[in-house]
Structure formats: structure tokens, C-alpha cells
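# Survey of secondary and tertiary structure
Next come the chains, spelled out residue by residue.
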Amino acid sequence: MAKKEMSVVKGIDLERYMGRWYEIASFPSFFQPRNGENTRATYTLNEDGTVHVLNETWSYDKRDYIEGTAYKADPKSDEAKLKVKFYVPPFLPIIPVVGDYWVLYLDEDYTYALIGEPRRKYLWILCRNTHLDEDIYNQLVETAKEEGYDVSKLKRTPQADPPPAENGGTNTRGVWWIKSLFGK
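Residues numbered from 1 in each chain as written. Predicted model: local features only at pLDDT ≥ 70, side-chain atom pairs only at ≥ 80, totals over all residues. Heavy atoms only, no water.

## What to know about the overall build of the chain
What the chain contains, in helices and strands, is three helices and 10 strands. Reading the chain from its N terminus to its C terminus gives the helix and strand order α-β-β-β-β-β-β-β-β-α-β-β-α. Counted over contacts in the chain with a minimum sequence separation of 6, partners at least 24 positions apart contribute 56%. Carbon and sulfur atoms make up 53% of the accessible area of the chain, which amounts to about 10100 Å² in all. (Helix = DSSP H or I, 4+ residues; strand = E, 2+ residues; numbered from the N terminus. Contact = heavy atoms within 4.5 Å. Areas by Shrake-Rupley, 256 points an atom, 1.4 Å probe, with all protein chains shown as cover.)

## Considerations on the environment of Asp-13
By the element assignment, Asp-13 lies in the segment before α1 (14-17). The sequence separation of Asp-13 and Ala-80 amounts to 67 residues, and the corresponding C-alpha distance is 9.3 Å.

## Considering the environment of Leu-126
With respect to the element layout, Leu-126 can be found in strand β8 (residues 123-127). With a relative accessible area of 5%, Leu-126 lands in the buried category. (Buried < 20%, exposed > 50% of the residue type's maximum accessible area, 1.4 Å probe, protein only.)

## What to know about unusual backbone geometry
A cis geometry characterises the amide bond from Asp-161 onward to Pro-162, with omega recorded as 10°. Residue placement: Pro-162 occurs in the loop between β9 (155-156) and β10 (170-171). Despite not being glycine, Tyr-60 has its phi angle at roughly 55°, a positive value. By the element assignment, Tyr-60 lies in the loop between β3 (51-59) and β4 (62-72). Of note in the backbone geometry, Arg-120 takes a positive phi value of approximately 65° without being a glycine. Looking at where Arg-120 falls in the secondary structure, it is placed in the loop between β7 (112-116) and β8.

## Quick notes on the packing of aromatic side chains
Aromatic ring pairs: the centre-centre distance and the angle between the two ring planes describe each pair. Under the defined criterion, the tally for this structure stands at seven aromatic pairs. On the numbers, 5.8 Å between centres and 65° between planes, the contact of Phe-27 with Tyr-149 is edge-to-face. In this pair, Phe-27 sits in the loop between β1 (19-26) and β2 (37-45) while Tyr-149 sits in the loop between α2 (134-146) and β9, placing the two residues 122 residues apart along the sequence. Exposure class is identical for Phe-27 and Tyr-149. Each is buried. Of the aromatic side chains, those joined through ring pairs into one cluster are Tyr-17, Trp-21, Tyr-43 and Tyr-101. Taking the ring centre of Tyr-65 as reference, the NZ or CZ of Arg-63 above it sits at 4.2 Å. Its guanidinium or amino end placed over the ring of Tyr-137, Arg-156 lies 3.7 Å from that ring's centre, counting from NZ or CZ. (Phe/Tyr/Trp six-rings, centres within 6.5 Å; stacked < 30°, edge-to-face > 60°. Lys NZ or Arg CZ within 6 Å of the ring centre and 35° of its normal.)

Structure, rendered in C-alpha cells:
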């Protein structure tokens, strides 16, 4: 049976969406360290309307990060369907990798969000704070389930309170990417 088209947010205000988002939970993926914690994304609006993306995670007290660019998949649509482009490997960016970033739910205050993609292979619950109220978390999980996600794959992301300082820890740009190729 074919899955229904996912519902996405319409009319997102990208300026309000900019800033820091903490990963509360996600589906494990090959491109993120298995033992990553304090994972966060920082979005900055570029003058050309694209978004600078800085994804960070800490693993064994080392800061791993990758930078990329997000842009509207269809500039004429009011749907919050974005494309995100990263170059790999991060330490020698030569190969572009593009993925989907669909905002499936966003509260009216822009404080928490549910992010997915059309194949339902990846899912993220994001929040402006390092912790999310359990009732809200459960509502987002239920929304994901209604959109056809297997929510049993969700894994909570450990977050320190307070979070690591800007650029805290030892930088290992791209090392996580190499490790991910070997399943670490």
C-alpha cells in the first residue's frame, strides 16, 4: 500500500526559523556518530535567501561539525520543503551530497519542530532549548506516526544543561564522517 503524501508546514517565516536548534531525538543515521551528544544545528539566513547550516555534535569530548547550505526545493511554493547540500568529506569538500529537509510540524512560537523527508528514512525532533516537555515530545512522536514514520526507531539525544560553549571541545572537522563509513 502506498503511503500518503506527508503534510508539511506552509508559509514558514525563514527569518524566525533561523538560530540554534537542539536535537531532542532522531533516527540513527550513518552520517551522525552513534555516540553523539549535545547535537545541534545553527541556521543563518544568507543575503541570497539561502541558509547557512552548521551541524555540530560532541563525541568523546570532541566537537565534530559539518557546514552546508539549505534552500527552498521549489522557490514558488509556500511549503516548507527545503534541500540541504553538504560537501564531503568535510575536511576536503569535493563531493556534493543533497538531502531533503521537510518541516512537518512547527509550533506557532517557533520553539520546537518535527523534521522529516519524503522517504521517511530520517526524522528529527528539534527544540530551541536543550530539553523538551514530555507531553510535547509525545505529541510530536504521534504526529510522526500519523505521517507514516516507524517511531520505534527514534533515539533520544543526550543534551547537557547548560550546552557546550560555542566551538567548545577539540575540533575534529569531518573525522565523524570517516568513522561513519566504518559504522562507528
